[in-house]
Amino acid sequence: MLYFSRLKMILIWLAVAVTVVLAAPNLFPASMLAQLPSWVPKRQMTLGLDLQGGSHILLEMNQNDLIKDRMETTRDEIRTLLREANPKINYTGLSGSGRTVQVRITDQAQLDQAKKVLKPLTDPVAAGLFSGGSIQEMSLDDSEPGLLKFTVTDAGLKYRTSTALSQSIVQRQGDDRILVQVPGLQDPQRLKEILGQTAKLTFQMVDQSMPVQDALKGRPPAGSSVLYSQDDPPVPYLIENRVIVSGENLVDAQATYNSQTNEPVVSFRFDSKGATRFGQATAQNVGKLFAIVLDNQVISAPQIREPILGGTGQISGNFTPQSANDLAVLLRAGALPATLTVIEERTVGPGLGQDSIHAGKVAGVIGSILVVAFMFVAYGFLGFLANIALAVHVAMIVALLSLLGATLTLPGIAGIVLTIGMAVDSNVLIYERIREERRLGRSVIQSIDTGFAKALATIVDSNVTSLIATVVLFWLGTGPVKGFAITYAIGILTTVFTAFTFTRMLVSIWLRRARPKELPRAPVTFIPPGTRIPFMGIRRWTFALSSILSILSVVGFLTIDINYGIDFKGGSMIEVQSKQGDADLGDIRNRLSELNIGEIQVQQFGAPNDVLIRVGTQDAGENAEQTVIDKVRGELQDQYDFRRVEVVGPTVSGELAKQGTIAMLIALVGILLYVWFRFEWQFAVGAIIATVHDVVMTIGFFVITGLEFNQSSLAAILTIIGYSLNDTIVVYDRVREDLRKYKKMPLPQLLNNAINETLSRTTLTSVTTILALLALVLFGGEVIRSFTLAMLFGVVFGTYSSIFIAAPLLILFKLRPQAAAAEETKPANGKAVAT
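Because the structure is a prediction, the values reported are computed rather than measured.

1. Concerning the sheet that holds strand β16 (residues 290-294)
Argument step 1. Taken in spatial order, the 5 strands line up as β11-β13-β12-β17-β16 and close into a barrel, and their pairing is mixed. Taken over all neighbouring pairs, the strand axes of this sheet differ in orientation by 55 degrees on average, direction set aside.
Argument step 2. Taken together, the 3 bridges between β16 and strand β17 (residues 297-300) define a ladder with antiparallel strand orientation. By the bridge assignment, Ile292 is partnered in β17 with Ser300.
Argument step 3. This element, helix α9 (residues 272-284), spans β11 (201-206), β13 (236-246) and β16 of the sheet and lies at about 135 degrees to β13.

2. With respect to the pattern of salt bridges
Argument step 1. With the rule as written, the count across this model stands at 23 salt bridges.
Argument step 2. Residues Arg438 and Glu518 are paired through a salt bridge, measuring 2.9 Å at the closest nitrogen-oxygen approach. Highlighted residues: Arg438 in helix α13 (residues 410-439) and Glu518 in the loop between α15 (479-514) and α16 (539-559), separated in sequence by 80 residues.
Argument step 3. Salt-bridge contacts for Glu757 lead to Arg734; the nearest nitrogen and oxygen are separated by 2.8 Å.

3. Considerations on the nonpolar core
Argument step 1. If you look at the biggest cluster of nonpolar residues, it comprises 133 residues, and the most contacted ones within it are Ile448, Val675, Ile721 and Val735.
Argument step 2. If near-sequence neighbours (up to four positions away) are discounted, Ile721 is found in contact with Met664, Leu668, Ile671, Thr691 and Val695.
Argument step 3. Judged by nonpolar contacts, the second largest core, of 23 residues, contains Leu201, Phe278, Ala281 and Leu327.

4. Brief notes about the confidence of the model for the chain
Argument step 1. Per-chain confidence: the chain averages 80 in pLDDT, with 85% of residues scoring 70 or above.
Argument step 2. Every residue in residues 128-132 scores below 50 in pLDDT, and together they form 1 contact with partners more than four places removed in sequence or on other chains.
Argument step 3. Taken together, the stretch residues 817-835 has pLDDT below 50 and engages in 21 contacts with residues farther than four places along the chain or on a different chain.

5. Details of the environment of Met536
Argument step 1. Structurally, the position occupied by Met536 is in the loop between α15 and α16.
Argument step 2. Through-space distance from the C-alpha of Met536 to that of Ile803 is 9.2 Å; in sequence the pair is 267 residues apart.
Argument step 3. Apart from residues no more than four positions distant in its own chain, Met536 is found in contact with Pro748, Leu751, Asn752, Ile755, Ile803, Ala807, Pro808 and Ile811.

Definitions and cut-offs
Residues numbered from 1 in each chain as written. Predicted model: local features only at pLDDT ≥ 70, side-chain atom pairs only at ≥ 80, totals over all residues. Heavy atoms only, no water. Pairing = 2+ DSSP bridges. Helix = DSSP H or I, 4+ residues; strand = E, 2+ residues; numbered from the N terminus. Axes fitted to C-alpha atoms, helices over the stretch in contact; angles between N-to-C directions. Contact = heavy atoms within 4.5 Å. Salt bridge = Lys/Arg side-chain N within 4 Å of Asp/Glu carboxyl O. Core = buried A, V, L, I, M, F, W, Y, C linked by side-chain atoms within 4.5 Å. Buried < 20%, exposed > 50% of the residue type's maximum accessible area, 1.4 Å probe, protein only. pLDDT = per-residue confidence, 0-100.

Structure below.
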């Protein structure tokens, strides 16, 4: 395994060089990169909102509003189609209720013609490549003579919702939600005000059959209503209720300037259906007035001088550049025939983002120094080679994040620092195996070659289990947590390359040039060779201890309220910083108590001038959560800067809790299946029990310490699952190897032997991971402290469970060495014989 052809070495060094080139732009400011030639890579990592500041706003669309709008549109279409039929079709009783519009054809002889004329309403519509090709938006019920009932189907409602959301300038999320993410936003309140409007745009004819003043004094004609303009004072218009074209046919809207007057206007463009209907209407009404109506207010009412056939036009009025841009945003992002409700908001001020970046850099540098120093102390020159591989490992993570355009979040930085601690695990596995082979009498070259070969399967198995948990976390996580999953997953994948391939090449180069006769000595030996600790002798005591602690954790969880964050119980969390001097917690508490906004918690958050305010979920629903933020901002903004705002409504909090439970179950089942596939069932069940033990212990840790349990905490638990399995797999892999090697050795003795053989690896890996986590706990900042503390606790208990829980369970499950020899020793009846 130590032979590398010239071509292979060139490819490896080329990969490292490309990595350095792709990662390098992140070391320089964007202004400097802009001055470099165009062929030089300039792409940098995209910083998440928690690092650069900005707003994450999730809005939910009210489908009842959408149904109501669709009913009005359908009634108008039926009226137009029947009136314009040749000959005209007489009808009565055109009305709508719920999701159904009905019309009665007065002349039975015209019924078939009416069905033919109205057939476009029930024709299938294209639903996109990934939605099954086409769907039937409306169904027809003609079971009652002369009565035609058109009903919006479930598929049609979903299609309409999807179509409305696809017009948005923001990201669609699910079937009825849109996600707005605006980096660097200084005024999230204004954004919410814009998005909270419905911006329902319609084009309707002006009814000129009577003066509008007469309509105001008396009664408007049937089928018409009086609407007012946005002028001051408002101007009344008599508008026909029939809609020619609505916002659902709008493809684009942009703020621009009139080429003749140079005044701000909004240009718009219809889809083909809207362009056809608009062209027909303008061609039939040349010389008449038509109104552009936004949310029942007349924007303008120009005269149709000629048919408008191109499907484009302009909305002019007393616009400023800002108001024209706002209207364009409304029409593009919020031009939905339904009300949008903010159900989740996460806003981070740029000041807090810079603080988080600084804290992440400090924690990363200190964690790296600690791990690098420890590796050199533990392995000497081989540790130096591992540190070179570690530097390449970090560079590859940064390069891939830059290349993929992935978003780096604060938990993502924690993920990088954590992989620094865990990346050396593969090197530790290899180096410990090399030392073991050398102690068995093999030459230096044979020891190194065998060490790399035997460690490969263990490295793959242990990393796959971590990867399973990380993939689940990415699939079900959101926002910053998903950012952690991305960096951690990339770190796991690059670890295999840097630790196994790149380190192996460096070692082979060293062997060729130095021709050593002995392995490099380490300054310190942490676990002496030949250590024989009788772990299995105390298994009953450790089982009893773990059982007691697990019961206490469960009882505590059921009887003591865990400190759930707003992610799981809803509510608001606001971080503020005093503009002058230290924050006065008592004053803040008293002032907010007078606002009548329910349960309030005020606490210092890090520095004396930083304060964290928690407000309980509001019974009045999603909109009430936003009202709370407005009240708190109005009360405190004169004396405090708002650094972070998070609002999670009851809808989202319930979904996050459900997703968290599903994530843990899926991760456990996935790991169970993989371990079962790679080992025997006893190993799989033992690994899962040990992992559940670690999860229960971690939950107990949250109960006892009162740390906030949020999405990041869930990410910590899923990461602990992966880490615990990583540790357990290493022990189980050695147990499986020893089962084949020592077929007559009693199982307790064999397990002791396997654990002692891997004890150095277990200890050194735990220490490097703990060093990285300590740097995060001490220097990573308050925002991720609950995450890093939980990880630190989980690593300690993960190490404990792999030795004192996972291994002894194999005795409980009656695993015997003879099981490994069953294939070799089978009598005629097919049953294994004890040897």
